[in-house]
Amino acid sequence: MPSLEELNRMKPEKRRAEYAAMRARCPCPTCPTYTECAKEREEKMFCIYGMTPDCIVRELKCICKKCPVHAELGFRGMRYCTRGAEKRTASRRF
Ligand code: SF4
Ligand code: SF4
């Protein structure tokens, strides 16, 4: 998987394809904190896209530390759905 810096340098189409592949591997929907509202809106991969606008308000367990995307991108945070994206993704471009 490319690094975050490589992702940010990619052309938009290629980056979108990479993000789609990462999204497919995001286990958020199996997390105790995840909600029906988030499922209906197909929200996930909050570490990149940022926190949910209003679907998740109650923090239970977070399984980000067991996520392959988290490890491969060298992320350190957790609870992205309620606290926002990993800081180093601030320059992301979609
Ligand atoms: S960001 Fe963490 S707490 Fe939120 S749904 Fe995903 S795994 Fe669960
Ligand atoms: S680190 Fe958390 S929010 Fe990001 S893809 Fe993995 S489970 Fe989803």
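Residues numbered from 1 in each chain as written. Chains lettered and ligands numbered in written order. Predicted model: local features only at pLDDT ≥ 70, side-chain atom pairs only at ≥ 80, totals over all residues.

Caption draft 1: Spotlight on the overall build of the protein chain. Helices and strands together make up the secondary structure of the protein chain, namely six helices and zero strands. For the protein chain, the succession of helices and strands along the chain, N to C, is α-α-α-α-α-α. Here the contacts in the protein chain between residues at least 6 apart in sequence split such that 55% fall between residues at least 24 apart. (Helix = DSSP H or I, 4+ residues; strand = E, 2+ residues; numbered from the N terminus. Contact = placed C-beta atoms within 7 Å.)

Caption draft 2: Main features of the nonpolar core. Grouped together as the largest cluster of nonpolar side chains are 18 residues, with contacts concentrated most on Cys 28, Met 45, Phe 46 and Cys 47. Counting residues per element, the ones that place at least two in this core are helix H4 (46-49) and helix H6 (80-83). Broken down by element, the residue count for this core peaks at three residues, all from H4. Every residue in contact with Cys 28, bar those within four places of it in the chain, is listed here: Tyr 34, Lys 44, Phe 46 and Cys 81. (Core = buried A, V, L, I, M, F, W, Y, C linked by C-beta atoms within 7 Å. Buried ≥ 20, exposed ≤ 12 C-beta atoms within 10 Å, placed from the backbone.)

Caption draft 3: Here's a closer look at the site of ligand 1. What surrounds ligand 1 is the set Cys 28, Cys 31, Thr 33, Tyr 34, Phe 46, Cys 62, Ile 63, Cys 64, Met 78, Arg 79, Tyr 80 and Cys 81. Along the lines of polarity and charge, the residues of the shell around ligand 1 split into ten nonpolar, one polar and one charged. (Near = placed C-beta within 6 Å. Nonpolar A, V, L, I, M, F, W, Y, C, P; charged D, E, K, R; others polar.)

Caption draft 4: Region of the structure containing unusual backbone geometry. Located in the positive-phi region is Glu 42, a residue other than glycine, with phi close to 55 degrees. Tracing the sequence through the fold places Glu 42 in the loop between helix H3 (36-40) and H4. Phi is positive for Arg 79, which is not a glycine, with a value near 55 degrees. Looking at where Arg 79 falls in the secondary structure, it is placed in the loop between helix H5 (68-72) and H6.

Caption draft 5: Fine view of the site of ligand 2. Residues in contact with ligand 2 amount to 13 residues; listed here are only the nearest, Cys 26, Cys 47, Cys 64, Cys 67 and His 70. Secondary-structure elements contributing two or more residues to the shell around ligand 2 are H4 and H5. Broken down by class, the residue content of the shell around ligand 2 amounts to eleven nonpolar, one polar and one charged.

Caption draft 6: Highlighting the confidence of the model for the protein chain. Across the protein chain, pLDDT averages 92, with 93% of residues at or above 70. Per-element confidence in the protein chain ranges from a low mean pLDDT of 90 for helix H1 (residues 4-9) to a high of 98 for H3. Contacts for the low-pLDDT stretch residues 90-94, under 50 throughout, to residues beyond four places or in other chains number four contacts. (pLDDT = per-residue confidence, 0-100.)

Caption draft 7: Region of interest: helix H2 (residues 12-25). With 14 residues, H2 ought to run about 20 Å at 1.5 Å a step, and its terminal C-alpha atoms sit 20 Å apart, in line with that. The element H2 is largely exposed, with a buried count of one among its 14 residues. (Expected span 1.5 Å × (residues − 1).)

Caption draft 8: Up close: the environment of Lys 87. As for its position among the elements, Lys 87 is in the segment after H6. Owing to 9 C-beta atoms within 10 Å, Lys 87 belongs among the exposed residues under this scheme. Sequence-wise, Lys 87 and Thr 33 are 54 residues apart; in three dimensions their C-alpha atoms are separated by 21 Å.

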